[in-house]
Amino acid sequence: MTLTADEITAAGLHLDISDAVATVTLSRPDKRNAQTPAMWHALAAVGQQLPETTRVVVVRGAGHSFSAGLDRAMLDPETGDVARLLGLDDDAISAAIEGYQQGFTWLRDPRFVSIAAVQGYAIGAGFQLALSCDLRVVTEDVQLSMKEPALGLVPDLTGTKPLVEAVGYQRALEICATTRMVGAEEAVAIGLALTAVPADKLETTVADLAAALTANVAGAVAETKRLLLSAPETGFETQRRLEREAQVRRFRELAQMMTASQE
């Protein structure tokens, strides 16, 4: 699916591309960047439309919050999207949710490293969007919460796997089942965030991180991300093979680069 800039804006997003860095901003500050199905479909479209030269994707929220989660209009018993889904059969509901998830899954693509720049509230779908990114830089006032169980729902926007990968099963269960807030200090301590900074330092910290991530050879970073993504579920011997295969590709590309530089 391809969307125009105006369609992306209408869905509540803003996309800015500067050299190898793409910045996706949730742009509904009056609603604390609450999310909608239209936004999720637009996020998926953004992922499909990024230039091949993109090496870092930054996801941020306009205003003082990253995202307060679902737009409450979705829960309206008469007109909301949840009410609409309830009228469908199980397969259709599952298909609709799978479509929503596409707005989150592309952030794990090995072509680039994704960074969530998280300020203020990241609740429910907002927390899951942050978890979809490879790295999370948070502000000292951040509040993270997996709020879905409080609504009688489960986290279904791809957040459960990265949460367990970050903090382990026991802590992940406690965070989800209690729906409590996790602050900045704890987020860093348990592995939910890379670092916590004052709000006025968030932009420069993320920019410095993006610069560091683009300083090395693009193919090497992409191959390394792919290896690290496969490692948790891959047996040792298989992972050794994947490393060898990746290194062969790197040798071949480096040889091509050396040949091209001599011509």
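This is a predicted model, so every value here is computed, not measured. (Residues numbered from 1 in each chain as written. Predicted model: local features only at pLDDT ≥ 70, side-chain atom pairs only at ≥ 80, totals over all residues. Heavy atoms only, no water.)

> Just checking my understanding: could you explain the sheet that holds strand β8 (residues 182-183) for this structure?
To summarise the sheet geometry, strands pair through backbone hydrogen bonds and adopt either a parallel or an antiparallel arrangement. Strand order in this open sheet of 3 strands is β5-β7-β8, and the pairing throughout is mixed. One side of each edge strand has no neighbouring strand; the edge strands of this open sheet are β5 (121-123) and β8. Across 3 bridges, the pairing between β5 and strand β7 (residues 143-145) is parallel. Along β7, the bridge assignment pairs Ile123 with Ser145. (Pairing = 2+ DSSP bridges. Helix = DSSP H or I, 4+ residues; strand = E, 2+ residues; numbered from the N terminus.)

> Mind showing me how you'd approach the pattern of salt bridges here?
Note on pairing: side chains with opposite charge can pair once their charged atoms come close. Under the counting rule described, the total for this entry stands at 16 salt bridges. Across the pair Arg111 and Glu52 runs a salt bridge whose closest N-O atoms are separated by 3.5 Å. Placement of Arg111 in the loop between α4 (90-105) and β4 (113-118) and of Glu52 in the loop between α2 (37-49) and β3 (56-61) is noted, with a sequence separation of 59 residues between them. Between Arg241 and Glu245 there is a salt bridge, and its shortest N-O distance comes to 3.0 Å. Of the two residues, Arg241 and Glu245 are both situated in helix α11 (residues 236-262); the distance of 4 residues between them amounts to about one turn of the helix. Under the relative-accessibility criterion, Glu245 is labelled partly exposed at 34%. Here the residues in one salt-bridge network are Arg108, Lys161, Glu165 and Glu233, joined through shared partners. (Salt bridge = Lys/Arg side-chain N within 4 Å of Asp/Glu carboxyl O. Buried < 20%, exposed > 50% of the residue type's maximum accessible area, 1.4 Å probe, protein only.)

> What is the right way to read the pairing of β3 from this model?
A regular strand places its side chains on the two faces of the sheet in alternate fashion. With 5 of 6 residues buried, β3 lies mostly within the body of the structure. Here strand β2 (residues 21-26) runs beside β3; their pairing, made up of 6 bridges, is parallel. Directly across from Leu26, in β3, lies its bridge partner Gly61. Traced from β2 through α2 to β3, the parallel crossover comes out right-handed. Here β3 runs beside β4; their pairing, made up of 5 bridges, is parallel. Pairing of Val57 across the sheet is with Ser114, part of β4. (Right-handed = clockwise from strand over helix to strand, strands pointing away.)

> Can you walk me through a nonpolar patch on the surface in this structure?
Together, Val217, Phe251, Leu254 and Met257 line one region of the surface with nonpolar side chains, adding up to about 360 Å² of accessible area. Inspection of the secondary structure assignment puts Val217 in the loop between α9 (202-213) and α10 (218-230). Classification of Val217 by relative accessible area gives partly exposed; the value is 36%. (Patch = residues over 30% accessible without salt bridge, like charges linked within 9 Å, V, L, I, M, F, W, Y side chains within 5 Å. Areas by Shrake-Rupley, 256 points an atom, 1.4 Å probe, with all protein chains shown as cover.)

> So what exactly am I meant to see when it comes to helix α6 (residues 160-167) here?
Taken together, the buried positions of α6 are Pro162, Leu163 and Val167. Within α6, the buried residues cover an arc of 110 degrees as seen down the axis, which keeps them to one side. Looking at the buried residues of α6, the elements they touch are α5 (125-132), α7 (169-178) and α8 (184-190). (Arc of directions from axis to C-beta. Contact = heavy atoms within 4.5 Å.)

> Can you help me understand α11 in this one?
Quick reminder: α-helices carry 3.6 residues per turn. Residues three or four places apart thus point the same way. Taking 1.5 Å per residue as the helical rise, α11 with its 27 residues ought to reach 39 Å, and the 39 Å between its terminal C-alpha atoms agrees with that figure. Residues of α11 that are buried include every one of Gln239, Ala246 and Arg250, and no others. Along its buried surface, α11 packs onto α10. (Expected span 1.5 Å × (residues − 1).)

> I keep staring at unusual backbone geometry and nothing clicks. Help me out?
A positive phi is found at Arg32, a non-glycine position, where the angle reads about 50 degrees. Considering the arrangement of structural elements, one finds Arg32 in the loop between β2 and α2. Even without a glycine there, the phi angle at Thr179 is positive, about 55 degrees. Given a relative accessible area of 12%, Thr179 falls into the buried group.

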